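Structural characterization, general
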Amino acid sequence: MEVALLSKLAFGASMLSGVTGYMGAKAQADQLDANAEAVLDKSEVDAITHQRKIQDETQQIAFQKSLIEYNKNQELSLFTSEIQGYEDSFEEELAKGYNTMGYGGTFTAVLDAAEMKANKKLQTLYTEKYDEFLSLDMQSDEYDRQMLSITEIGKSETAMIRHTGSIQALQLQQQADNTKLAGKSAMLGTFASAAMGYAMIS
């Protein structure tokens, strides 16, 4: 009678130990699952933060490019006005010469000389402005290159942040699954051992 009672108590203690062990393993697995979710959440926050940083950088560069484009348009407008003013002045000089000298061989020579002088002046102006506009265009192109580079690299970095978070979360989830499985196996082993021990005593 006393032996039977002791065997029952031992069986019950073993069963309780198995359940307690399983509950402990389950709690540990639940914590690992929670950690996995936290890792995913953090990686998403980090990815969004990184995206915003990239957007800020590209917006700053876009602003710098807009200044270049504005300056170029202003220079182009001034240059157009300068050319138009020079052409008007040239026509006025020709008109004065014609009124003073009339049309003839002498005036033709004066006209040819004036046209040559005007063409040289225009060529000089175009050459100077060409270099200036070329420099502005090159700056604008460089800003485009920088924006494209930052955007593409930013996309890769953002994807890597999410990918790394996913891998870490998956590893934690696998640990959680393994912990649950180990807990169940240990509990079932304890149950089987306790049952065999109880049967032998009984």
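For the structure itself, consult the block above.
Just so it is clear, the structure is predicted and the values come from calculations on it, not from any experiment.

Points about the pattern of salt bridges
Summed over the entire model, instances satisfying the criterion amount to 11 salt bridges. For the salt bridge of Asp 33 with Lys 180, the shortest nitrogen-to-oxygen distance reads 3.4 Å. A residue pair is termed long-range when its members are at least 10 positions apart, and Asp 33 in helix H1 (residues 2-101) and Lys 180 in helix H2 (residues 105-201) qualify at 147 residues. Judged by its relative accessible area of 23%, Asp 33 falls in the partly exposed class. A salt bridge links Glu 75 to Lys 129, with the nearest nitrogen and oxygen atoms 3.2 Å apart. Taken together, the positions of Glu 75 in helix H1 and Lys 129 in helix H2 put the pair 54 residues apart, joining distant regions of the chain. Given the relative accessible area of 23%, Glu 75 is considered partly exposed. The class of Lys 129 is buried, set by a relative accessible area of 16%.

Some details on the packing of aromatic side chains
Remark: the centre distance and the inter-plane angle together describe each pair of aromatic rings, the angle taken between the planes. Overall, the coordinates contain 2 aromatic pairs when judged by the stated rule. Relative to Tyr 126, the ring of Phe 79 lies with its centre 5.4 Å away and its plane at 80°, an arrangement referred to as edge-to-face. Of the two residues, Phe 79 sits in helix H1 while Tyr 126 sits in helix H2, which places them 47 residues apart along the sequence. Taken together, a centroid distance of 6.2 Å and an interplanar angle of 75° make the contact between Phe 79 and Phe 133 edge-to-face. Taken together, the positions of Phe 79 in helix H1 and Phe 133 in helix H2 put the pair 54 residues apart, joining distant regions of the chain. Here Phe 79 falls in the buried class, since its relative accessible area comes to 7%. Residue classification places Phe 133 among the buried residues on the basis of a relative accessible area of 15%.

Some remarks on the nonpolar core
The biggest cluster of nonpolar side chains holds 10 residues, and these are Ile 61, Ile 68, Phe 79, Ile 83, Leu 122, Leu 125, Phe 133, Leu 136, Tyr 143 and Met 147. Mapped onto this core, the elements with two or more residues apiece are H1 and H2. In terms of residues, this core owes the most to one element, H2, which gives 6 residues. Residues within four places of Ile 83 in sequence aside, it is in contact with Leu 122, Leu 125 and Tyr 126. Core analysis: the second largest hydrophobic core is formed by 7 residues, Ala 29, Ala 36, Val 39 and Ala 169 among them.

Quick word on the environment of Leu 136
With respect to the helices and strands, Leu 136 occurs in helix H2. The buried category is assigned to Leu 136, whose relative accessible area is 11%. Distance from Leu 136 to Asn 71, taken between C-alpha atoms, is 8.4 Å for residues 65 residues apart in sequence. Discounting chain neighbours no more than four positions away, the residues touching Leu 136 are Ile 68 and Lys 72.

Rules of the game
All residue numbers here refer to positions counted from 1 along the written sequence of the relevant chain. Local features in this predicted model are restricted to residues of pLDDT 70 or higher, and side-chain atom pairs are both shown and tallied only at a pLDDT of 80 or more, whereas totals for entire chains, interfaces and linings draw on every residue. As a rule here, side-chain values cover all heavy atoms of the structure and leave hydrogens and water aside. Any carboxyl oxygen of Asp or Glu within 4 Å of a side-chain nitrogen of Lys or Arg constitutes a salt bridge here. Here a helix means four or more residues in a row that DSSP labels H or I, a strand means two or more in a row labelled E, and each is numbered from the N terminus. Partly exposed residues are those whose accessible area sits between 20% and 50% of the maximum for their type, while under 20% is buried and over 50% is exposed, using a 1.4 Å probe and protein chains only. Here a Phe, Tyr or Trp ring, Trp counted by its six-membered ring, pairs with any other such ring whose centre lies within 6.5 Å, and the pair is stacked when the planes are under 30 degrees apart, edge-to-face when over 60, and tilted otherwise. In these notes, a set of buried Ala, Val, Leu, Ile, Met, Phe, Trp, Tyr and Cys residues joined through side-chain atoms within 4.5 Å is what counts as a nonpolar core. Only heavy atoms matter for contacts: two residues are in contact if any of them lie within 4.5 Å across the pair.

So yeah, pure geometry; function would need other evidence.
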